[in-house]
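# Descriptive analysis of the structure
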Amino acid sequence: MINSCYRYSHISAFFTLILLTLHLSPGHAARPLRFHQASEPIRGLFGAEIGDVVWSGRYLWVSTESGVARLDPAVSSGLNASDWVTYTQLNGLGRGAVSALDASGDTVWVATLIDTTIAGQGTAQAGTGLSFSHDAGRSWSHIPNAFIFDPTKPGFERSPGTTILNGCFDLALDGEAIYAAFFAGSTVRSLDQGQTWQPFIPGGADKIVYFAAETAADSLTILADSLSRENGDPDAIAELRAGADSLNSQEFLHRTFSIVAYGDSVWIGTSSGIAFTLDDGQTWTNAKVRLDETGTPLPGHPAGNWVVAMERMVLPDGSTALWAGTNTTPLPGQTQAISVSRDF
């Protein structure tokens, strides 16, 4: 059961997709880049805004708006500036602030993004790709967004043709697998340490849905209304309406922000609740705010549908808990909160 624990700070984000022109630039023109460092990393924890803190089992990594900092606690306490080193674009990271971070052992992955100005639209975020190191930051490789979302590759034919509004907001490492949660491009994964990528769309869809009108939701609703007027089978009507609701929510389910992955279990935070699979994507469940006939939120569900952060905790008795930081969407019955589940 999921219980709301306390208020979660407001996180603003663009919700309307713009400039998703397909094939704006050929993804095959971009290639992963091996970066030979032209300068030494910065001595100290460089940056004023901390976005994430990750323990790799050997190093403590901290992401900032300027790069990613590393501490080796076997050598120093971290209380002095000289205990840290910070890696930036000069060392091989993508341009901009670090928007996602995960690490295991000597391996660390980061995502970066920048602010860009769109004529007549104002400022929006643009993803600048993923960067990784297998030697604790001594050398880096960079993967541009365009390499991942190459529309000439199977499964990526409907990829966003622009980096605008396609930042990566979370990364999850699980053995050789890397999962990356993008906004416009949904979730992708690599099973070979970033050499190739495949869509891993929450809900099991074979393509990203950008707008509800692209689905068959209206047809199911029309059929349900028709059966209702003719006093048809209530169960059949309810099933049709549930199907229409599921299809309508796909445009929000495919906007992803957070991810937890271990074995065959993958949990993805979206703007329509948490989509999770326990069998490597064969079947999916959507945990989100549900209302009763009076509009009152039903217990046992997340507090909000905009799931911006998740973390799995292994408890002393060997059981696990999943924590989720949730914001709200315009739909009713939601609360900014942290929710937790222990019954999965």
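See the structure above.
Here is a short report on the structure shown in this document. (Residues numbered from 1 in each chain as written. Predicted model: local features only at pLDDT ≥ 70, side-chain atom pairs only at ≥ 80, totals over all residues. Heavy atoms only, no water.)

## As for the overall build of the protein chain
Looking only at helices and strands, the protein chain features four helices and 22 strands. For the protein chain, buried positions account for 48% of its 344 residues. A fraction of 53% describes how many contacts in the protein chain between residues 6 or more apart in sequence connect residues 24 or more apart. Summed over its atoms, the accessible surface of the protein chain is roughly 16300 Å², and 54% of this surface lies on carbon and sulfur atoms. (Helix = DSSP H or I, 4+ residues; strand = E, 2+ residues; numbered from the N terminus. Buried < 20%, exposed > 50% of the residue type's maximum accessible area, 1.4 Å probe, protein only. Contact = heavy atoms within 4.5 Å. Areas by Shrake-Rupley, 256 points an atom, 1.4 Å probe, with all protein chains shown as cover.)

## A word on the pattern of salt bridges
Considering all chains together, one arrives at three salt bridges under this definition. The shortest N-O distance in the salt bridge between Arg-342 and Asp-317 comes to 3.9 Å. Taken together, the positions of Arg-342 in the segment after strand E22 (337–341) and Asp-317 in the loop between strand E20 (306–314) and strand E21 (320–327) put the pair 25 residues apart, joining distant regions of the chain. For the pair Arg-342 and Asp-317, a shared accessibility class is recorded, and that class is exposed. (Salt bridge = Lys/Arg side-chain N within 4 Å of Asp/Glu carboxyl O.)

## A closer look at the sheet that holds strand E18 (residues 273–277)
Sheet architecture is open: four strands sit in the order E16-E17-E18-E19, paired in antiparallel fashion. In this open sheet, the two edge strands, each paired with only one partner strand, are strand E16 (256–262) and strand E19 (285–287). Averaged over all pairs of adjacent strands, the angle between their axes in this sheet comes to 20°, without regard to strand direction. Across five bridges, strand E17 (residues 265–270) lies against E18 in antiparallel orientation. From the neighbouring strand, Trp-267 faces E18, where its bridge partner is Phe-276. (Pairing = 2+ DSSP bridges. Axes fitted to C-alpha atoms, helices over the stretch in contact; angles between N-to-C directions.)

## Remarks on the environment of Asp-115
Mapped onto the fold, Asp-115 is located in strand E9 (residues 107–118). You can call Asp-115 exposed: its relative accessible area is 56%. In this structure, the C-alpha to C-alpha distance between Asp-115 and Gly-127, residues 12 residues apart in sequence, is 8.9 Å. Sequence-distant contacts of Asp-115, that is, excluding residues within four places in its chain, are made with Thr-123, Ala-124 and Gln-125.

## Some remarks on the nonpolar core
Judged by nonpolar contacts, the single largest core of 18 residues is most densely connected at Trp-109, Leu-130, Leu-171 and Trp-197. Broken down by secondary-structure element, the contributors of at least two residues to this core are E9, strand E10 (122–133), helix H1 (145–148), strand E12 (168–174) and strand E13 (177–182). What Leu-130 contacts, discounting residues up to four positions off in sequence, is Trp-109, Val-110, Ala-111, Ser-141, His-142, Ile-143, Ile-148, Cys-168, Leu-171, Ala-180, Phe-182 and Trp-197. (Core = buried A, V, L, I, M, F, W, Y, C linked by side-chain atoms within 4.5 Å.)

## What about the sheet that holds strand E3 (residues 42–43)?
As summarised here, the arrangement of the five strands in space is E3-E7-E6-E5-E4, forming an open sheet in which the pairing is antiparallel. A strand with exactly one partner marks an edge of an open sheet, and here the two such strands are E3 and strand E4 (50–55). Pairing between strand E6 (residues 68–71) and strand E7 (residues 84–87): four bridges, direction antiparallel. Each residue of the ladder has a partner; that of Leu-71, found in E7, is Trp-84.

## A closer look at the side chain of Thr-86
Relative to the helices and strands, Thr-86 resides in strand E7. Judged by its relative accessible area of 0%, Thr-86 is buried. A polar contact of 2.5 Å, which involves the side chain of Thr-86, links it to the backbone oxygen of Gly-44. Once you skip the residues sitting within four places of it in the chain, Thr-86 turns out to touch Pro-41, Ile-42, Gly-44, Leu-45, Phe-46, Gly-67, Val-68, Ala-69 and Asn-91. (Polar contact = N/O pair within 3.5 Å; in protein donor to acceptor, adjacent residues only side chain to side chain.)

## Observations regarding the side chain of Asp-170
For Asp-170, the position within the fold is in strand E12. Buried and unpaired, Asp-170 has no salt bridge, with Arg-312 as the nearest side chain of opposite charge at 13 Å. Here the side chain of Asp-170 touches Ile-259 through a polar contact of 2.8 Å, landing on its backbone nitrogen. Residues contacting Asp-170, with those up to four places away along its chain left out, are Ala-100, Tyr-179, Ala-180, Ala-181, Phe-257, Ser-258 and Ile-259. (Lys, Arg positive; Asp, Glu negative; His and termini not counted.)

## Considerations on the pairing of strand E14 (residues 187–190)
Along a regular strand, successive side chains alternate from one face of the sheet to the other. Because side chains alternate across E14, one face comprises the buried residues Thr-187 and Arg-189, and the other comprises Val-188 and Ser-190, equally buried. Relative to E14, E13 runs antiparallel, the two sharing four bridges. The residue bridging Tyr-179 from the neighbouring strand is Arg-189, located in E14. The turn joining E13 and E14, which pair antiparallel and follow one another in sequence, is formed by four residues; a positive phi near 60° is taken by Ser-186. As paired elements, E14 and strand E15 (residues 198–199) share two bridges and run antiparallel to each other. Following the sheet pairing, Arg-189 is matched in E15 by Gln-198.

## As for the packing of aromatic side chains
Scanning the model with the defined rule gives 13 aromatic pairs in all. Ring geometry for Tyr-59 against Trp-61: centres 6.3 Å apart, planes inclined by 65°, an arrangement best described as edge-to-face. Residue classification places Tyr-59 among the buried residues on the basis of a relative accessible area of 2%. For Trp-61, a relative accessible area of 0% translates into the label buried. Between the aromatic rings of Tyr-179 and Phe-200, the centroid separation amounts to 5.5 Å while the plane-to-plane angle is 75°, which identifies the pairing as edge-to-face. One end of the pair, Tyr-179, is in strand E13; the other, Phe-200, is in the loop between E15 and helix H2 (217–229), and 21 residues separate them in sequence. Members of the aromatic cluster, joined through ring pairs, are Tyr-59, Trp-61, Tyr-87 and Trp-140. The aromatic ring of Phe-147 is capped on one face by Lys-153, whose charged end is 3.8 Å from the ring centroid. If you follow Arg-312 out to its NZ or CZ, it ends over the ring of Tyr-262, 3.7 Å from the centre. (Phe/Tyr/Trp six-rings, centres within 6.5 Å; stacked < 30°, edge-to-face > 60°. Lys NZ or Arg CZ within 6 Å of the ring centre and 35° of its normal.)

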